[in-house]
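Chain by chain, the residues:
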Amino acid sequence: MPSKVFEIIEKEQERQNRNIELIASENFVSPDVMRAVGSCLTNKYSEGYPTVRSTGSRGRYYGGCEYVDELEEYCCDMWRKVFRTDYHVNVQPHSGSSANIAAYMSLLSPGDAVLAMNLNNGGHLTHGAPVNISGKLYDMHFYDVNAHGFIDLEDVRKKALECRPKLLLAGASAYSRKIDFAAFAEIAREAGSYFMVDMAHIAGLVAAGEHPSPFGLADVITTTTHKTLRGPRGGLIFCKPELAKKIDGAVFPGTQGGPLQHVIAGKAIAAEEACTEAFRDYIRQVVRNAAAMCKAFQEMGYQVVTGGTDNHLFLLDLTDTGLTGKAVQEELDRNGITLNKNCVPNETRSPAQTSGIRIGTPAMTTKGYREADFIRVAHEIDRIIREMRAKQ
Ligand SMILES: *Cc1c(COP(=O)(O)O)cnc(C)c1O
């Protein structure tokens with residue numbers, strides 16, 4: 001009898017085939033990534049790092065690591081190639097959150113001041129939310145977006161000079177505009193702070209040259225591999241060579257045990273794919289699709305936070321409609337359109353309700369959608385929202 005698990009996986013596969021996937025942080029990996037992640041590498045323990053390492057790391061704690069050593073070295077080389085950088089890279093973090101926690105541990109002591117983007121305005125849970133370990137361990141300060149939803153660099157500078165953070169953090173989960181990493185780096189220099197960039201959402205755009213790169217500016221750069229990079233679920237940490245030992249130690253043994261070599265294999269394949277012209281074409285299409293869909297909503301009278309988008313996502317402010325983000329998310333779900341509710345700047349509702357929704361184009365662009373397809377979906381969403389308003 002087939003396991004119940006495979007029945008569930010089959011149902012999930014059908015859901016993924018059927019639904020229109022607009023969650024900005026999701027994507028569909030290639031068959032090669034899937035195959036690597038489902039490989040025999042899941043059987044192998046390899047605590048530690050490849051033996052021959054420029055940083056003088058100590059090697060592995062288990063025997064039989066000759067092939068995973070080769071794999072991990074290759075994965076590191078490929079990610080440096082993706083971002084055209086000589087930064088040190090650690091490919092072991094199990095997720096974006098694990099990467100961030102290890103990065104903090106390598107740079108900070110408990111109680112140190114950190115300045116990051118407000119969660120309500122597009123930041124991430126691991127950027128100091130009170131419920132997250134980052135918010136419990138560090139003295140968190142937050143910068144805001146202005147009334148139009150843009151990062152307010154004057155506010156960043158003012159707060160950085162006030163609280164003199166040990167770490168200034170740039171990066172967001174729900175921000176549709178280019179982030180001026182050079183301006184952040186300058187503020188970090190003025191304030192005497194480390195500068196860290198969490199490019200989890202936009203890493204694919206950075207790789208393809210569609211967003212300014214933080215390399216050369218930031219001391220530490222973290223990312224996920226499963227969002228616009230279209231790899232397996234996981235994290236990466238890049239750092240300036242002088243921080244390599246601290247970063248590696250903070251990942252293992254600081255916060256993790258054995259690395260997931262099957263996922264590292266998937267990350268290496270994703271890196272190979274990210275170096276291709278086909279990937280650059282894909283990312284350019286993601287950005288064009290987001291712009292086209294965003295414009296379609298604006299032409300139908302919807303309010304878009306910041307009035308547009310430079311990247312793979314945008315936020316609709318539903319305040320005028322009287323509907324909550326939650327209600328719209330749920331009604332769209334019933335209609336086979338998947339996305340998530342999101343706070344808007346100066347949000348008046350709770351994070352469980354919200355006044356906005358976040359829409360992203362990476363996943364459906366992978367499925368081959370182009371501008372006209374996204375415009376069609378925008379009209380479909382508008383139809384559903386209008387029906388909801390008629391019933392209010
Ligand atoms: C998604 C995201 C993360 C966390 O990634 P997980 O793999 O879900 O832990 C961290 N930072 C930012 C900015 C993100 O958008």
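Residues numbered from 1 in each chain as written. Predicted model: local features only at pLDDT ≥ 70, side-chain atom pairs only at ≥ 80, totals over all residues. Heavy atoms only, no water.

1. Some details on the site of the ligand
1) Next: Taken together, 13 residues form the shell around the ligand, and within it Gly 96, Ser 97, Ser 173, Asp 198 and Lys 227 come nearest.
2) Next: Taking Gly 96, its main chain carries an N or O atom lying 2.9 Å from an oxygen atom of the ligand.
3) Next: Separating an oxygen atom of the ligand from a side-chain N or O atom of Ser 173 is a distance of 2.8 Å.
4) Next: The element contributing the most residues to the shell around the ligand is helix α4 (residues 96-107), with three residues.
5) Next: Split into classes, the residues belonging to the shell around the ligand amount to two nonpolar, nine polar and two charged. (Near = heavy atom within 4 Å. Polar contact = N/O pair within 3.5 Å; in protein donor to acceptor, adjacent residues only side chain to side chain. Helix = DSSP H or I, 4+ residues; strand = E, 2+ residues; numbered from the N terminus. Nonpolar A, V, L, I, M, F, W, Y, C, P; charged D, E, K, R; others polar.)

2. Quick notes on the sheet that holds strand β7 (residues 220-224)
1) Next: Spatially, β2-β8-β7-β6-β5-β3-β4 is the arrangement adopted by the seven strands of the open sheet, whose pairing is mixed. Edge positions in the sheet fall to β2 (88-90) and β4 (139-143), since each has one partner strand and no second. For this sheet, the mean inter-axis angle between neighbouring strands, taken without regard to orientation, is 20°.
2) Next: Pairing of strand β6 (residues 194-198) with β7, which is carried by three bridges, proceeds in the parallel orientation. Along β7, the bridge assignment pairs Asp 198 with Thr 222. (Pairing = 2+ DSSP bridges. Axes fitted to C-alpha atoms, helices over the stretch in contact; angles between N-to-C directions.)

3. Observations regarding the packing of aromatic side chains
1) Next: Scanning the entire structure with this criterion turns up 14 aromatic pairs.
2) Next: Centroid distance Trp 79 to Phe 83: 6.1 Å. Interplanar angle 20°. Geometry classified as stacked. Here Trp 79 matches Phe 83 in class, with each residue buried.
3) Next: One aromatic cluster is present, built from ring pairs that chain together Trp 79, Phe 83, Tyr 87, Phe 215 and Phe 238. (Phe/Tyr/Trp six-rings, centres within 6.5 Å; stacked < 30°, edge-to-face > 60°. Buried < 20%, exposed > 50% of the residue type's maximum accessible area, 1.4 Å probe, protein only.)

4. Some details on the packing of α4 against helix α9 (residues 244-255)
1) Next: At a minimum axis separation of 8 Å, α4 and α9 run at an interaxial angle of 115°. Seen from above, α4 lies across α9 with right-handed handedness. Contact residues: Ile 101, Ala 102, Ala 103, Met 105 and Ser 106 in α4; Lys 246, Ile 247, Ala 250, Val 251, Gly 254 and Thr 255 in α9.
2) Next: Residues belonging to the contact of α4 with α9 are distributed by class as follows: seven nonpolar, three polar and one charged. (Left-handed = near helix turned anticlockwise from the far one by under 90°. Contact = heavy atoms within 4.5 Å.)

5. Focus: α9
1) Next: A rise of 1.5 Å per residue sets the reference length of α9, with its 12 residues, at 16 Å; its end C-alpha atoms lie 16 Å apart and thus fit the reference within 8%.
2) Next: Taken residue by residue, α9 has Ala 244, Ile 247, Asp 248, Ala 250, Val 251 and Phe 252 as its buried positions. Seen along its axis, α9 keeps its buried residues to an arc of 155°; they face one direction. Projecting away from the buried face of α9 at angles above 90 degrees are the exposed residues Lys 245 and Pro 253.
3) Next: Residues of α9 that are buried sit in contact with β2, α4, β7 and β8 (235-239). (Expected span 1.5 Å × (residues − 1). Arc of directions from axis to C-beta.)

6. Here's the deal with the pairing of β7
1) Next: With five of five residues buried, β7 lies mostly within the body of the structure.
2) Next: Note: β7 against β8, five bridges, orientation antiparallel. By the bridge assignment, Thr 222 is partnered in β8 with Ile 237.

7. Things to note about the domain arrangement of the protein chain
1) Next: For the protein chain, the assigned domains read domain 1 (4-28 + 282-390) and domain 2 (38-274).
2) Next: Each of domain 1 and domain 2 has a C-alpha centre, and the two are 27 Å apart.
3) Next: Counting residues at the interface gives 27 residues for domain 1 and 23 residues for domain 2.
4) Next: Regarding the contact of domain 1 and domain 2, the summed buried area is about 2100 Å², with carbon and sulfur atoms giving 55% of it. (Domains from an automatic or database assignment. Buried area = accessible area lost by both parts, 1.4 Å probe.)

8. Some thoughts on the pattern of salt bridges
1) Next: The full count for this structure, using the stated rule, is 23 salt bridges.
2) Next: Linking Glu 190 and Arg 157 is a salt bridge whose minimum nitrogen-to-oxygen distance equals 2.7 Å. Of the two residues, Glu 190 sits in helix α7 (residues 181-191) while Arg 157 sits in helix α6 (residues 153-163), which places them 33 residues apart along the sequence.
3) Next: A relative accessible area of 32% places Arg 157 in the partly exposed class. (Salt bridge = Lys/Arg side-chain N within 4 Å of Asp/Glu carboxyl O.)

9. Thoughts on the nonpolar core
Soluble globular proteins tend to pack their nonpolar side chains together in the buried interior.
1) Next: Core analysis: the largest hydrophobic core is formed by 58 residues, its most contacted members being Trp 79, Phe 83, Tyr 143, Phe 184, Phe 195, Met 199 and Phe 238.
2) Next: The element best represented in this core is helix α10 (residues 261-274), accounting for seven residues.
3) Next: Domain assignment of the residues forming this core places at least three in each of domain 1 (4-28 + 282-390) and domain 2 (38-274).
4) Next: Met 293, Tyr 302, Val 304 and Val 377 belong to the second largest nonpolar core, which has 27 residues in total. (Core = buried A, V, L, I, M, F, W, Y, C linked by side-chain atoms within 4.5 Å.)

10. Description of helix α14 (residues 371-391)
1) Next: The terminal C-alpha atoms of α14 lie 31 Å apart, and with 21 residues this matches the ideal 30 Å at 1.5 Å per residue to within 8%.
2) Next: Turning to α14, its buried residues number three or more, namely Phe 374, Val 377, Ala 378, Ile 381, Asp 382, Ile 384, Ile 385 and Met 388. Taken around the axis of α14, the buried residues stretch over an arc of 165°, which confines them to a single face. Exposed and facing more than 90 degrees away from the buried side of α14 are Ala 372, Ala 390 and Lys 391.
3) Next: If you follow the buried residues of α14, they end up packed against β1 (20-21), α11 (277-299), α12 (325-334), β11 (337-338) and α13 (362-366).

11. Description of the pairing of β8
1) Next: With five of five residues buried, β8 is to be regarded as a mostly interior element.
2) Next: Residues Gly 235, Ile 237 and Cys 239 of β8 are buried on one face, and the alternating residues Leu 236 and Phe 238, pointing to the opposite face, are buried as well.
3) Next: With three bridges connecting them, β2 and β8 associate as antiparallel partners. Residue Val 89 lies in a different strand from β8, and its bridge partner there is Phe 238.

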